[in-house]
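What follows is the residue order along each chain.
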Amino acid sequence: MTGEHEVTQTSAGTQHAEAGTQHAEAGTQQADEAGARTPLVELCDVSKHYGTVRALEGVSLEVHAGEITCVLGDNGAGKSTLIKMIAGLHQHDGGALRIEGEETRLTSPRDALDRGIATVHQDLAVVGLMPVWRNFFLGSEPRKGRGPFKRLDVDLMRRTTRERLLRMGIDLRDVDQPIGTLSGGERQCVAIARAVHFGAKVLVLDEPTAALGVKQSGMVLKHVAAARDQGLGVVLITHNPHHAHLVGDRFVLLKRGTMVGHHTRDEITLEELTRQMAGGSELDDLRHELEKTTS
């Protein structure tokens, strides 16, 4: 009887231990899933005022790893203010900014970079007469040697630039050519590859296709998608709904500093996105007024 009792107790203990293990594994899985759902960057009802001017009011967005969040709006919609806030140039007045679930206030662009947020502005801030490899490492040049013999490691910079560009699918003729000789699309792609190389988790792109033709715009969008596929969270600022819908996973529409739409890709068609971007009901009202005028 004693032996049978011990076997029963052992069996029950084993079952209890297995149940505990399964419970722990389930808890770990739930934690992993929760972590996966945590946005890299999240804005919750943020606002920004310049004196009596309301630049942003009640704007929310989420940036997830491996996704592209498109922010659309005409001139004066608040897109530039939103970029400056995420890039650390300006601080929000109301609402909350969270990075990987932690509420924070970015105090400078360097603070944003240290938190993994890289912003590629429309003007790109490149030195046109310098070679591509020098612009790629501008401000972060590796050096070799010691003391008075310390110098730039040019060979490493050339080799790394070529390898990183090829990894992004950018095959330049020569990384020694001045970056000013590249097309606008190629310069945008170099800036994207640079941000990826220096460890960005979030890539903010300010109207990267605004001044480009169809072919060059396609090149840039291809490399934006490549950054997304490498696991970055991308914020694409644009006024072009066709470009946004080609690559976007989430869409935030701004008008006069307020959010007038927030959709995921499966919630909105290109036609509806274009209609909302163009003014929606306001455009319909204008059409009716013009029809009355011409009749």
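Here the structure is shown first, and the text comes after it.
Residues numbered from 1 in each chain as written. Predicted model: local features only at pLDDT ≥ 70, side-chain atom pairs only at ≥ 80, totals over all residues. Heavy atoms only, no water.

*Asks:* What's the story with helix α7 (residues 214-229) in this structure? I'm lost.
*Replies:* Residues separated by three or four positions in an α-helix point in the same direction, a consequence of the helix having 3.6 residues per turn. A rise of 1.5 Å per residue sets the reference length of α7, with its 16 residues, at 22 Å; its end C-alpha atoms lie 22 Å apart and thus fit the reference within 8%. Taken together, the buried positions of α7 are Ser 217, Val 220, Leu 221, His 223, Val 224, Ala 225, Ala 226, Ala 227 and Arg 228. For α7, the secondary structure elements touched by its buried residues are β3 (68-72), α6 (184-197), β9 (202-206), β10 (233-238) and α8 (241-247). Directly after α7, the chain includes Gly 231, whose backbone phi takes a positive value near 100 degrees. (Helix = DSSP H or I, 4+ residues; strand = E, 2+ residues; numbered from the N terminus. Expected span 1.5 Å × (residues − 1). Buried < 20%, exposed > 50% of the residue type's maximum accessible area, 1.4 Å probe, protein only. Contact = heavy atoms within 4.5 Å.)

*Asks:* Would you mind going over the pattern of salt bridges with me for this structure?
*Replies:* Pairing between side chains of opposite charge can happen when the charged atoms of each approach one another. Throughout the structure, instances matching the rule amount to 13 salt bridges. For Glu 100, the salt bridge identified is with Lys 201, shortest N-O distance 3.2 Å. With Glu 100 in the loop between β4 (94-99) and β5 (102-104) and Lys 201 in the loop between α6 and β9, the pair connects residues that are 101 residues apart, well separated along the chain. With its nearest N and O atoms 3.5 Å apart, the salt bridge here joins Arg 134 to Glu 141. Each of Glu 62, Glu 67 and Arg 250 takes part in salt bridges that share partners, so that together they form one network. (Salt bridge = Lys/Arg side-chain N within 4 Å of Asp/Glu carboxyl O.)

*Asks:* How should the packing of aromatic side chains be read in this particular structure?
*Replies:* Any aromatic ring pair is given by two values, namely how distant the centres are and how the planes are angled relative to each other. For the coordinates displayed, the defined rule picks out three aromatic pairs. Relative to Phe 198, the ring of Phe 136 has its centre 6.5 Å away and its plane inclined at 40 degrees; by these criteria the two rings are tilted. Here the residue Phe 136 occupies a position in helix α4 (residues 132-136), and Phe 198 occupies one in the loop between α6 and β9, the gap between them amounting to 62 residues. (Phe/Tyr/Trp six-rings, centres within 6.5 Å; stacked < 30°, edge-to-face > 60°.)

*Asks:* It is not clear to me how helix α2 (residues 79-86) should be interpreted in this structure. Could you clarify?
*Replies:* Among the eight residues that make up α2, six are buried, leaving the element largely enclosed by the rest of the structure. Of all the residues in α2, the buried ones are Lys 79, Thr 81, Leu 82, Ile 83, Met 85 and Ile 86. Phi for Gly 88, located one or two positions after α2, is positive at around 90 degrees.

*Asks:* Please explain unusual backbone geometry as it appears in this structure.
*Replies:* Across the chain, the bulk of peptide bonds are trans and the bulk of non-glycine residues have phi less than zero. Residue Glu 100 is not a glycine yet carries a positive backbone phi of 50 degrees. Residue classification places Glu 100 among the partly exposed positions, given a relative accessible area of 45%. Of note in the backbone geometry, Glu 207 takes a positive phi value of approximately 45 degrees without being a glycine. The topology assignment puts Glu 207 in the loop between β9 and α7.

*Asks:* What is the right way to read the nonpolar core from this model?
*Replies:* Across soluble globular proteins, nonpolar side chains show a tendency to be buried alongside one another. Ranked by internal contacts, the top residues of the largest apolar core, which has 44 residues, are Leu 165, Val 190, Leu 203 and Leu 205. With seven residues, the top contributor of residues to this core is α6. (Core = buried A, V, L, I, M, F, W, Y, C linked by side-chain atoms within 4.5 Å.)

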